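Listed below, chain by chain, are the residues.
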Amino acid sequence: MPEVTFDIVWPDGSEDQFYSPSTVVNQYFQSGQTYELADFVQRSQKSLTLASERVRQVYGRPCSMAIAQLKKIETKAECFSLNPDSKVTIQNIDHD
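A.B. asks: Provide a residue-level description of the packing of aromatic side chains, including the pertinent values.
C.D. replies: One pass over the structure, following the stated rule, counts 7 aromatic pairs. Plain terms: the ring middles of Phe6 and Phe18 are 5.9 Å apart, the flat faces sit at 40° to each other, and that makes the pair tilted. With Phe6 in strand β1 (residues 4-9) and Phe18 in strand β2 (residues 15-20), this pair connects stretches of sequence that are 12 residues apart. Both residues of the pair, Phe6 and Phe18, belong to the buried class. Arranged with centres 5.8 Å apart and planes meeting at 20°, the rings of Trp10 and Phe80 form a pair that is stacked. Linking Trp10 in the loop between β1 and β2 with Phe80 in the loop between α2 (64-78) and β4 (87-95), this pair joins segments that are 70 residues apart in sequence. Among the residues examined, Phe80 registers a relative accessible area of 11% and is labelled buried. Through a chain of ring-to-ring contacts, the aromatic side chains of Phe6, Trp10, Phe18, Phe29, Tyr35, Phe40 and Phe80 assemble into a single cluster.

A.B. asks: Summarise the pairing of β4; cite the residues concerned and give the values.
C.D. replies: Note: β1 against β4, 6 bridges, orientation antiparallel. Residue pairing in the sheet places Asp7 in a bridge with Asn92 of β4. In this sheet, β4 lies alongside strand β3 (residues 34-36) in antiparallel orientation, the contact comprising 3 bridges. Across the sheet, the residue bridging to Thr34 is Thr89, located in β4.

A.B. asks: Please give an account of α2 that cites residues and values.
C.D. replies: Here α2 is 15 residues long and its end C-alpha atoms lie 21 Å apart, about the 21 Å a rise of 1.5 Å per residue gives. For α2, the set of buried residues is Ala66, Gln69, Leu70, Ile73 and Ala77. Across the axial projection of α2, the buried residues extend over an arc of 100°, all falling on one side. Exposed positions of α2 whose direction lies more than 90 degrees from the buried face are Ser64, Lys71, Thr75 and Glu78. Considering only its buried residues, α2 is in contact with β1, β2 and α1 (37-59).

A.B. asks: Describe the pattern of salt bridges, listing the residues and the values that go with them.
C.D. replies: Applying the stated rule across the entire model yields 5 salt bridges. Residue Arg43 is joined to Asp39 by a salt bridge in which the shortest nitrogen-to-oxygen separation is 3.0 Å. You can see Arg43 and its partner Asp39 sitting in helix α1, 4 residues apart, about one turn around the helix. We classify Arg43 as partly exposed; its relative accessible area is 26%. Here Asp39 falls in the partly exposed class, since its relative accessible area comes to 27%. Through salt bridges with shared partners, a single ionic network connects Asp16, Lys72 and Lys76.

Calculation notes
Residues numbered from 1 in each chain as written. Predicted model: local features only at pLDDT ≥ 70, side-chain atom pairs only at ≥ 80, totals over all residues. Heavy atoms only, no water. Phe/Tyr/Trp six-rings, centres within 6.5 Å; stacked < 30°, edge-to-face > 60°. Helix = DSSP H or I, 4+ residues; strand = E, 2+ residues; numbered from the N terminus. Buried < 20%, exposed > 50% of the residue type's maximum accessible area, 1.4 Å probe, protein only. Pairing = 2+ DSSP bridges. Expected span 1.5 Å × (residues − 1). Arc of directions from axis to C-beta. Contact = heavy atoms within 4.5 Å. Salt bridge = Lys/Arg side-chain N within 4 Å of Asp/Glu carboxyl O.

Dropping the structure here:
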């Protein structure tokens, strides 16, 4: 399966890179686009859950790494959830 990494900038300016085992994230994110925090989290939940499901369909088990990436996103997003103006920017989406 084609893998994808996407680099983001959090509301505080810190950066992270996340992994998806599927290109399905391309349907949810665009390089250079900025998303409100809640929207970013929802898109992450949908895309990484679908990516994990695609792995399950091919290999018979979900992708634990995709689920771990989602948990990391959700945990970090909580740090910014009290600020209603929090936004996340997708810097780059790279296809391996």
